[in-house]
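Structural description and commentary
Take a look at the letters that make up each chain.
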Amino acid sequence: MTRIFSWYCRGLEGLMALMLAIMVVMVFGNVVLRYGFNSGITVSEEVSRWLFVWMTFLGAIVAVREHGHLGTDMLISKLPTWGKKLCLYLSHGLMLFASYLLLTGSWQQTLINWDVSAPTTGASVGIFYFVGVVFGVSAIVFLLYDVWLALSGKLSDADLVMVHESEEQGDIDRINAELARRDAEEAIARQRGSNNARGN
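Residues numbered from 1 in each chain as written. Predicted model: local features only at pLDDT ≥ 70, side-chain atom pairs only at ≥ 80, totals over all residues. Heavy atoms only, no water.

With that settled, consider the environment of A118. Mapping A118 onto the fold places it in the loop between α3 (81-113) and α4 (126-151). Among the residues examined, A118 registers a relative accessible area of 5% and is labelled buried. C-alpha of A118 to C-alpha of F128: the two residues are 10 residues apart in sequence and 9.5 Å apart in space. Dropping the residues within four chain positions of it, A118 is found in contact with E46, W50, A123 and V125. (Helix = DSSP H or I, 4+ residues; strand = E, 2+ residues; numbered from the N terminus. Buried < 20%, exposed > 50% of the residue type's maximum accessible area, 1.4 Å probe, protein only. Contact = heavy atoms within 4.5 Å.)

In this structure, M19, L58, I61, F135 and F142 are the most contacted members of the largest nonpolar core, which totals 29 residues. Contributing elements (two or more residues each) for this core: α1 (2-37), α2 (44-65), α3 and α4. When near neighbours in sequence (up to four residues on either side) are disregarded, M19 contacts L51, W54, M55 and L58. (Core = buried A, V, L, I, M, F, W, Y, C linked by side-chain atoms within 4.5 Å.)

The next thing to look at is the pattern of salt bridges. For the structure shown, the criterion picks out 4 salt bridges. Of the charged contacts in the structure, one is a salt bridge between E45 and R49, with a shortest N-O distance of 4.0 Å. Placement of the pair is E45 and R49 together in helix α2, with a separation of 4 residues, close to one helical turn. By relative accessible area, which is 62% here, E45 ends up exposed. Using a relative accessible area of 43% as the deciding quantity, one classes R49 as partly exposed. Put simply, R181 and E185 hold a salt bridge, and the shortest N to O gap is 2.4 Å. On the criterion of helical spacing, the pair formed by R181 and E185 is a turn pair, its members being 4 residues apart in helix α5 (residues 167-199). For R181, a relative accessible area of 39% translates into the label partly exposed. Shared partners join several salt bridges into a network, and the residues in it are E178, R181, R182 and E185. (Salt bridge = Lys/Arg side-chain N within 4 Å of Asp/Glu carboxyl O.)

Given two aromatic rings, their pairing is described by the distance between the two centres and the angle made by the two planes. Scanning all chains against the criterion turns up 7 aromatic pairs. For the pair F5 and Y145, a centre-to-centre distance of 5.1 Å together with 85° between the ring planes defines the contact as edge-to-face. Of the two residues, F5 is situated in helix α1 and Y145 in helix α4; the sequence distance between them amounts to 140 residues. The exposure class of F5 is buried, given its relative accessible area of 5%. In this structure Y145 comes out as buried when scored by relative accessible area, which is 13%. Both rings, one in W50 and one in F128, keep their centres 5.8 Å apart while their planes meet at 50°; by these two values the pair is tilted. (Phe/Tyr/Trp six-rings, centres within 6.5 Å; stacked < 30°, edge-to-face > 60°.)

Take the packing of α3 against α4 next. Contact geometry for α3 and α4: axes closest at 8 Å, N-to-C directions at 160°. As the angle between them shows, α3 and α4 are arranged roughly antiparallel. The element α3 and its partner α4 pack so that their crossing is left-handed. Broken down by class, the residue content of the contact of α3 with α4 amounts to 20 nonpolar, 9 polar and 2 charged. (Axes fitted to C-alpha atoms, helices over the stretch in contact; angles between N-to-C directions. Parallel < 35°, antiparallel > 145°, perpendicular 65-115°, else oblique. Left-handed = near helix turned anticlockwise from the far one by under 90°. Nonpolar A, V, L, I, M, F, W, Y, C, P; charged D, E, K, R; others polar.)

So, in structure tokens, the structure goes:
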């Protein structure tokens, strides 16, 4: 499941990179055409705005999966394991509720605006609102997976704290965990080597 989620998030990151490239080309091209040739790309502003909204929501999906949203861990990190689990269940319950509201509201707006055409592109305005549906479904799946990991006991004590005071602290924690894992693997390898040497 983790591999599927990673593949999905990499796909979203690639899509966001493509959207950003299109935005840059359209906006920069529009500026050059406007000031240099007294013309422009008619759909530039509308498409760029839509792409920006889609990029924001797709980035939020990746942040939900990677626990990249900032939060306050000062209290939670000091709680015992049961307290951390309780806070995780409460916070995820609230996030699930908020994601559900966003999902249902976006779906209703998509249906309402599906037959409405955008002024310059003529595309359905429902496309603009559909990104909320994509975010809602994705966030709900990721949050439920986190809750399942906590309920099944597959999260370590440190993993139960899914928010960090700053991005740098999260990076430091990940690096420290990776270094600790490597140190443990090297210690096991050294132990095996010394056991093999004694056996010979």
